[in-house]
Amino acid sequence: MDRSETELMLRGYGLTTAEFYYRMPDYRNVLNSFVWQDYDLAPDHPKLFEFVEFWHDTIEGPLHSVRFSHRRLLSSGEWRNVVGEFTLH
């Protein structure tokens, strides 16, 4: 079931950005990079590790290293339901 980004953020998900450095299949001395982003749960990062497993199983270029950062963009204390709005002038 696909959830909206706002719903994921309210459930504790944050934006995880990972930069993968991998070796080219034909030229092992050449490193290339790939950037991946998705909403994930810290500290376990199940989606990130699922993508790493996918990489190992299907991509020919072996991983050299992975750098990632995680940031919660919204917490439950920052969200409030506004029922009405008053405007002046």
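Let me begin by describing the structure that accompanies this report. Positions within a chain are numbered from 1, following the residues in the order the chain's sequence is written. Restriction of local features to residues with pLDDT of at least 70 applies here, the model being predicted, together with a cutoff of 80 or more for giving and counting side-chain atom pairs; totals for whole chains, interfaces and linings are based on all residues. Water and hydrogen atoms play no part in the side-chain values, which are based on all heavy atoms of the structure.

1. Quick look at the pairing of strand β1 (residues 14–23)
Cut-off, in case you're wondering: Strands pair, by our definition, only if DSSP identifies at least two bridges between them. Secondary structure counts use DSSP, requiring at least four H or I residues in a row for a helix and at least two E residues in a row for a strand, with both numbered from the N terminus.
Pairing of β1 with strand β2 (residues 31–40) involves 10 bridges; the strand directions are antiparallel. Residue pairing in the sheet places T17 in a bridge with Q37 of β2. Across eight bridges, β1 lies against strand β3 (residues 63–71) in antiparallel orientation. In the sheet register, E19 faces β3, and the bridge partner there is R67.

2. Overview of the pattern of salt bridges
To keep things clear, this is the line we draw: Basic side-chain nitrogens of Lys or Arg form a salt bridge, by our definition, when they fall within 4 Å of a carboxyl oxygen of Asp or Glu. Here's how the labels work: a residue is buried when its accessible area is under 20% of the maximum for its type, exposed when over 50%, partly exposed in between, all with a 1.4 Å probe on protein chains only.
Across all of its chains, the model carries two salt bridges by this definition. Note that R11 and E7 form a salt bridge whose closest N and O atoms lie 3.5 Å from each other. E7 gets classed as partly exposed once you look at its relative accessible area, which sits at 29%.

3. A few points about the packing of aromatic side chains
For any pair of aromatic rings, geometry is given as the distance between the ring centres together with the angle between the planes. Just so we agree on the cut-off: Note on aromatic pairs: the rings of Phe, Tyr and Trp (six-membered ring only in Trp) are paired at centre separations within 6.5 Å, and the planes decide the class, stacked below 30 degrees, edge-to-face beyond 60, tilted for the rest.
Tallied over the full model, the rule gives nine aromatic pairs. Seen from their ring centres, W36 and F51 are 5.6 Å apart, and the 20° between their planes marks the pair as stacked. Taken together, the residues span a long stretch of sequence, with W36 in strand β2 and F51 in helix α2 (residues 46–58) at a distance of 15 residues. Neither W36 nor F51 differs from the other in exposure class; each is buried.

4. Quick word on the sheet that holds β1
Put simply, the rule reads: Between N-to-C directions, angles span 0 to 180 degrees; the directions come from axes that are lines fitted to C-alpha atoms, helices contributing only their stretch in contact. Between two residues, a contact is recorded if the distance between any of their heavy atoms is within 4.5 Å.
Within the open sheet, the three strands sit side by side as β2-β1-β3. Their pairing is antiparallel. Among the strands making up the open sheet, the edge pair consists of β2 and β3. Put simply, the sheet's adjacent strands are angled 15° from each other on average, direction ignored. The sheet contacts of α2 involve β1, β2 and β3, and relative to β2 the element is tilted by about 145°.

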